[in-house]
Every structure is written in C-alpha cells, then in structure tokens.
Amino acid sequence: MARTASRFDTRDLARIAVFAAIIAVLGLPGPIPVPGLVPITAQTLGVVLAGTVLGPLRGLAAVAVFELLVLVGLPLLSGGHGGPAVFVGVTAGYLLGWLPGAFVTGLVAHSGRGALAGWRVALGAVIGGIVVIYTCGIPVQSLVTGLPLGATIISSLAFIPGDLIKVVVATLLTLALWRAYPPAFGRRAERRGVRSAAPTSVEETAAR
Amino acid sequence: MTPAQPAEPHPGRPPGAVIELSGVDVELGGTPVLSGVDARLDQRRVAVIGANGSGKSTFTRLLGGLVPPTRGTVRVHGIDVERGRKALRAAVGVVFTNPDAQILMPTVADDVAFSLRGSGLDRAAVVERVAGTLARFGMSELADAPAHQLSGGQKQLLALAAVLIREPALVIADEPTTLLDLGNARRIGGILIDDLDAQLVVVTHDLELAARCDVALRFAEGRLVDAGEPAALIADYRALHA
Amino acid sequence: MIAVYLPGDSLVHRAPAGVKLLLLAVLGLALSLLPREPALLGLVLAGAGLVLVVLLYALAGLAARPLLRQLWSTRWIVVLMVVTQLIFLGPAEAANNTVRVVAIVVLAGLLSLTTRTAELLTTLERLLAPLARVGVDPRRVSLTLSLAITMIPVIAELARQVREAQQARGVRLGVRAVVPLLVLALRHADDVADALSARGID
C-alpha cells in the first residue's frame, strides 16, 4: 500500500504548505482578461511549478492542500472565489484536474537522472498542465452544463494559446530557479551534491 | 549599564543542567562549519558572540538537535542529542531570529496552544495554560488576533511565549533581538536574562545583552576561540575590531 | 461565490458542518440527475430546485442581500453557459441547464456563509480519518492546512518585497519576479521546518 503523507518530514510539510500559499498568492492579482472567453489566471502556473519544483508527490500534496483550503471556504481562487461552490460549478473538473496535473508534471519533469532537463520540464508542463487538466475538465464541464462533449471541446480551444504561454513561462522559471537556487529542488539537488551558492537578499535575487 | 552579575542560584533548575561538548565537528554537505569544539557549560546564562559565519548558529542548532554532530558527542542536560531526540525536544526550547518563520498557526492562541500538541493535556487544560501564558506576556487581548497582523516585537514575544509554555529546561535563542527595535529588544532581552528559570544559551550581536550573561563564548571561523567572564571577553572582542 | 462566514444562530448556522456537506452533496446530485426531458418537466424541476435553495437562504435569514450577492456572483457562469448552449443546444435546454447550475453553486455558497472555516477544518480532519489506513495521517494534513493558512500573508509580504526591490532599482521583471519569490519562499519553508522540529514535530 502506498504510504504518502507519513513519509513527508517537517521540511516536506513546510515546502508543501509554502507552495500551497504560493498558488494562493499567484491568484491575488486576479484574473488576467483574455479577449475571447473566460479570463486566465496565474494559478495554473503555480500548479505546474509545484510539479516541476517539488516533484510528483509533494507537488500533488501542495495542490491538494490549496484545494482543501478553497473547499473549506477561503476565497483563494483568482478573483476571490472559494467554498464548495467552485467544486460543483462549471470549472470543477479543471480544478480537480490540477491534482493529477501537478503529479504528472512532476513525474515527467523529474524523470531521468542528473540535472533537470529543459525538454523534460516543458514536456511535463504540456502533459500535466494542459493534457491532464483538460482531460479532467472537459467531461465534467460537459456533464454540468449539459453541453455535448464535442461542443465543449470546441469551446475550450480558446484557452489553449494562453496555456501554451504558461507552459513556456513555467519551463523558463523552473530552469532559472534551478540555476539560482538548486536546494529548492530538495533531495534531487542534494543527491547531485549541489551546494547552495544562492544569492542571499531580495535585492540580489531580484537583480537576476 | 551593569557589568556581568554573579550567577544566582535558581531553585527551579534541576541538578545536572549541564551542556557538554567533546571533540565536536560539524560538516554540512562536506564543508566543515564547526571544528574541535570542547565545552562544559553549567552557568545559567550563556552568551555566544562572533562574526557572521563563525559557526554560532550551527552551535545553537547542534544544541537544539537540528543538526547532528559529524564527530564527537553533545550532551544537553544528560541527553545525547543524537540518541535522545524526543527527550531533547521536550527539554529544549528554541527561539529563532525571524519571528515570521516561528509562527506556525493562524491565530495567537492557536499558535501558543500548538506547542502543547502531544503533551497529553486535555482541551480545557490547554485552554487554561494558554490563557495563563498569554496573560503573563501581556497578550491576552490578542488571543484571537491573526498572528501575522502583530508588530515585529509582538511576534517575537509570541514566539517566546510559544516556547516558554512548554517550560523547557534549556532555552536556546539565536539572535532573538536582531530584527527588533530598541524597546522591543530590551523587553525580549529582559525576559530572557531576568525572568527565566531555565538555562539560557543566547547568540547575539548585542554586546550589552551578552554582558548581562554569566559566561560568554566567542566563535571565529568555525572554532570556539574564547570562553570566560563576559566583561573581559567582550572587551577583548571590541579591541579585536578597534 | 465570494462567500465569507456571516454570523447567525439560525437552524442552518447551528447544523453540524458534516450534515450540511452531506445535504449539499445530495441536493447537488439530485439537481444534476433529475430528468431534463420533456423540456417543461425539466424546467419545472430545475425551478423547484432553485426555489428550494432560496427557501434555505430564508431559513438562514440570508434571503436578502447575501442571496442577491451570491446570485450576482454567478453572472459569468450564466453568460458563458447561455451563450454556448444557445449556439449548440437551443433555448429550452439552455435555460434548464443554466438554472440547475446556478442553483447548485448558490447552494454551495450557503454552506460557506453559515459555517466557520475552523469548523469545516475540524470536520475535514474527521472525514479524512479513514485515510489513515493508506498512510495519510489526518493530523498531519490538518497541520499542513493550518501552516498554509499562516503562510499566505507571509508569502504575500515576500511578493511585495520582491516588487519593491525591483522598483527601487528601476527594473521590471514581470513574470520573472516569480524566481526570487520562489527562492525567498522556499528558504522561508526551511526556517519553518526548523521551527516545527524545535516545537516537537518530527
């Protein structure tokens, strides 16, 4: 039987909680209006980063913590939404899709040995951040709205360009973080014996 | 400005309240950060001074069981820090520099109560102890306030309350006043120096605070280079940087 | 959907959070599964569902402003649904489906309006108890949830610091600012991990 949470030590718990908070903070600027349909948010960027930085299990846990907080009513979704309402609405499937999305992103991005490879990170972000999330989201949207599957897929295509931009951004951010602060990647960096030579202040860090 | 006062006997302190280090080396990721530390500390108030990166913080993390010694042994009040982690956690309270990182629960009362998690006390007893501790620190009115809305000084006071509610036999404080203004620094320093029954190890750049301890240690480049009566040791330290 | 707890002592407020969650699930499922054909019957059932939701709001003493705010907050869903469904399905079905979704979403809002977050967290911990058998410790889950709540303002403050540091230097990093934010946040996580260990959590 898979043992998940009990295997996390305090460092893991703190990172999981921090990433859940990061996903929340990324939603603070609110939705970014996109000409066409429903606005996009930077929160899915946080979901993908949870996978690429923390890896599959801890990334999944971070998204789960964030979503449980939303479920119990904290208005943490972009635009100040929260509560069980968002898990029964049109977007419920996408929201739940974030869970396997972060997991698969981390699985692909962290596959292979040695340094993080850019192509793996990008591939993980595409599969986990787009394919998996849509696969969960579209059928639920179709079910909830009563709109046939085909029509729902067509109406969802409008989001693909924005999501592709997010994949590129997530990949670049992940690789930049790998250069700036390898310990962010936890045990993976430790295995490689990467020592922290990271900048120490906000000022220095922001300068990169 | 009083120089070091003689140590007073503290009836609350159990016999054997001694910190002993012998032949201790600490390496982090293959880099030595502490080497050849030997010490026996039975004074109530121990000040630790030295430059940034001299190994002071590692020394406190060692005593708190947060890093293991690479070589040598560390015994805190009779507890081997490597073997007796659980007993160590019960005996030792740690106050860190940045109060933001020490506040773990959303509200003031929740955070203090969190320290009693796993203590076996029932709910009513926890509520009572928390109320008592908050009253002692003058924070009763803030019990239900969101912890992040406190001022920096109040946050560090909360961190201290959360540590002291467990009545540790040893309090380790790593630059507890560095981020505070003068008034709050004096207040926190006063509690640590004057009001505590527990043994205290305080790392500080505040030489005034160090002077009020019973013994001072100075670290440089990962070594314990000086130990003794605070006034003399601090005078030497000042001369070094004159 | 912007639902924050509104204190009260109505029956709805006093009902245990677990019961409310269960009722929400049952009513939500019923609204989704009740027949949509023929169109008139479907519309009547959907309308009845919405009326029931309004009655529950009345029971909670929230039938005026709070209800209107909840309804208003569903406007984007309504627009999205009506537009796509008119194109693909037709007016009767568009109305039927839209009313059902609005009813469920507004009902879920009632749970948030009448239940404290702390109570829902406690209920959640109880609901997660069976997961202990697959190695998920519900106490550690609720600890992590509380930690995350505590950290949100701290991370928001770090984001502000990163922004100000950029402004002070006259640079605009845009989305690249996420990198220093991640560095600071993950360092903060390591400090918090120390504090957890020091307070006896392994």
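Please refer to the structure higher up on the page.
Residues numbered from 1 in each chain as written. Chains lettered and ligands numbered in written order. Predicted model: local features only at pLDDT ≥ 70, side-chain atom pairs only at ≥ 80, totals over all residues. Heavy atoms only, no water.

Draft legend 1. Local environment of the overall build of chain A. Helix and strand counts for chain A stand at nine helices and zero strands. Walking chain A from its N terminus toward its C terminus, one meets helices and strands in the order α-α-α-α-α-α-α-α-α. Residues classed as buried in chain A amount to 61% of the 208 residues present. When contacts within chain A are restricted to residue pairs at least 6 apart in sequence, long-range pairs at least 24 apart make up 64% of them. If you sum the accessible surface of chain A, you get close to 8000 Å²; carbon and sulfur atoms cover 70% of it. (Helix = DSSP H or I, 4+ residues; strand = E, 2+ residues; numbered from the N terminus. Buried < 20%, exposed > 50% of the residue type's maximum accessible area, 1.4 Å probe, protein only. Contact = heavy atoms within 4.5 Å. Areas by Shrake-Rupley, 256 points an atom, 1.4 Å probe, with all protein chains shown as cover.)

Draft legend 2. A look at the interface of chain C and chain A. With 69 residues of chain C in contact, the opposing surface of chain A contributes 74 residues. Across the chain C to chain A interface the summed buried area is about 5700 Å²; carbon plus sulfur atoms make up 77%. Aspartate 190 of chain C is the salt-bridge partner of arginine 15 of chain A, the closest N and O atoms lying 3.5 Å from each other. In this assembly, chain C and chain A are joined by four residue pairs in polar contact (both at pLDDT 80 or more). (Buried area = accessible area lost by both parts, 1.4 Å probe. Salt bridge = Lys/Arg side-chain N within 4 Å of Asp/Glu carboxyl O. Polar contact = N/O pair within 3.5 Å; in protein donor to acceptor, adjacent residues only side chain to side chain.)

Draft legend 3. Examining the sheet that holds strand β5 (residues 79-80) of chain B more closely. All names here are of chain B. In spatial order, the strands read β2-β1-β4-β5; together these four strands make up an open sheet with antiparallel pairing. Looking at the sheet topology across the chains shown, the edges are occupied by β2 (31-41) and β5. The strands that helix α1 (residues 56-63) touches are β1 (19-28), β2 and β4 (71-76); relative to β1, the one it contacts most, it runs at about 115°. (Pairing = 2+ DSSP bridges. Axes fitted to C-alpha atoms, helices over the stretch in contact; angles between N-to-C directions.)

Draft legend 4. View of the packing of aromatic side chains. All names here are of chain A. Taken as a whole and judged by the stated rule, the model has four aromatic pairs over all chains. Geometrically, the ring pair formed by phenylalanine 66 and tryptophan 98 is stacked, given 6.2 Å between the ring centres and 25° between the ring planes. Taken together, the residues phenylalanine 66 in helix α3 (residues 56-71) and tryptophan 98 in helix α4 (residues 92-109) connect sequence positions 32 residues apart. Both residues of the pair, phenylalanine 66 and tryptophan 98, count as buried. Ring centres of tyrosine 94 and tyrosine 134 lie 5.8 Å apart, and the angle between their planes is 85°; on these two criteria the pair is classed as edge-to-face. Of the two residues, tyrosine 94 is situated in helix α4 and tyrosine 134 in helix α5 (residues 118-145); the sequence distance between them amounts to 40 residues. Taking the relative accessible area as the measure of exposure, tyrosine 94 reaches 16% and is therefore buried. (Phe/Tyr/Trp six-rings, centres within 6.5 Å; stacked < 30°, edge-to-face > 60°.)

Draft legend 5. Quick look at unusual backbone geometry. Here the phi dihedral of glutamate 175 of chain B falls at roughly 45°; this positive angle occurs in a residue that is not glycine. Structurally, glutamate 175 of chain B can be placed in the loop between β7 (170-174) and α7 (182-195).

Draft legend 6. Inspection of the pattern of salt bridges at higher detail. All names here are of chain B. Summed over the entire model, instances satisfying the criterion amount to 17 salt bridges over all chains. Linking lysine 155 and aspartate 100 is a salt bridge whose minimum nitrogen-to-oxygen distance equals 2.9 Å. Taken as a pair, lysine 155 in helix α6 (residues 152-164) and aspartate 100 in helix α3 (residues 99-102) lie far apart in primary sequence, 55 residues in all. Classification of aspartate 100 by relative accessible area gives partly exposed; the value is 24%.

Draft legend 7. Local environment of the packing of helix α1 (residues 10-26) of chain A against helix α8 (residues 138-169) of chain C. The interhelical angle for the contact between α1 of chain A and α8 of chain C, taken along N-to-C directions, is 50°, at an axis separation of 7 Å. Between α1 of chain A and α8 of chain C, the angle falls in the class oblique. Along this stretch, α1 of chain A crosses α8 of chain C, giving a crossing that reads as right-handed. Judged by residue contacts, Thr10, Leu13, Ala14, Ile16, Ala17, Val18, Ala20, Ala21, Ile22, Ala24 and Val25 of chain A of α1 of chain A engage Arg140, Leu143, Thr144, Leu147, Ala148, Met151, Ile152, Ile155, Ala156 and Ala159 of chain C from α8 of chain C. Here the contact of α1 of chain A with α8 of chain C is composed, by residue class, of 18 nonpolar, two polar and one charged. (Parallel < 35°, antiparallel > 145°, perpendicular 65-115°, else oblique. Left-handed = near helix turned anticlockwise from the far one by under 90°. Nonpolar A, V, L, I, M, F, W, Y, C, P; charged D, E, K, R; others polar.)

Draft legend 8. Broad picture of the interface of chain C and chain B. Contacts between the two partners involve 20 residues from chain C, matched on the other side by 20 residues from chain B. Roughly 1900 Å² of surface becomes buried between chain C and chain B when both sides are summed, with 60% attributable to carbon and sulfur atoms. Here arginine 61 of chain B and aspartate 194 of chain C are joined by a salt bridge, their closest N and O atoms 2.2 Å apart. Counting residues per element, the ones that place at least two in the side of chain C that touches chain B are α8 and α9 (178-198) of chain C. Per-class residue counts for the side of chain C that touches chain B are ten nonpolar, five polar and five charged.

Draft legend 9. Region of the structure containing the packing of helix α4 (residues 65-73) of chain C against helix α6 (residues 91-114) of chain C. All names here are of chain C. As a packed pair, α4 and α6 sit with axes 10 Å apart at the nearest point and diverge in direction by 130°. The pairing of α4 with α6 is recorded here as oblique in orientation. With respect to the hand of their crossing, α4 and α6 are arranged in right-handed fashion. Contact residues: Pro66, Leu67, Gln70 and Leu71 in α4; Val102, Val106, Gly109 and Leu113 in α6. A class-by-class count of the residues in the contact of α4 with α6 yields six nonpolar, two polar and no charged.

None of this, on its own, says anything about what the molecule does.
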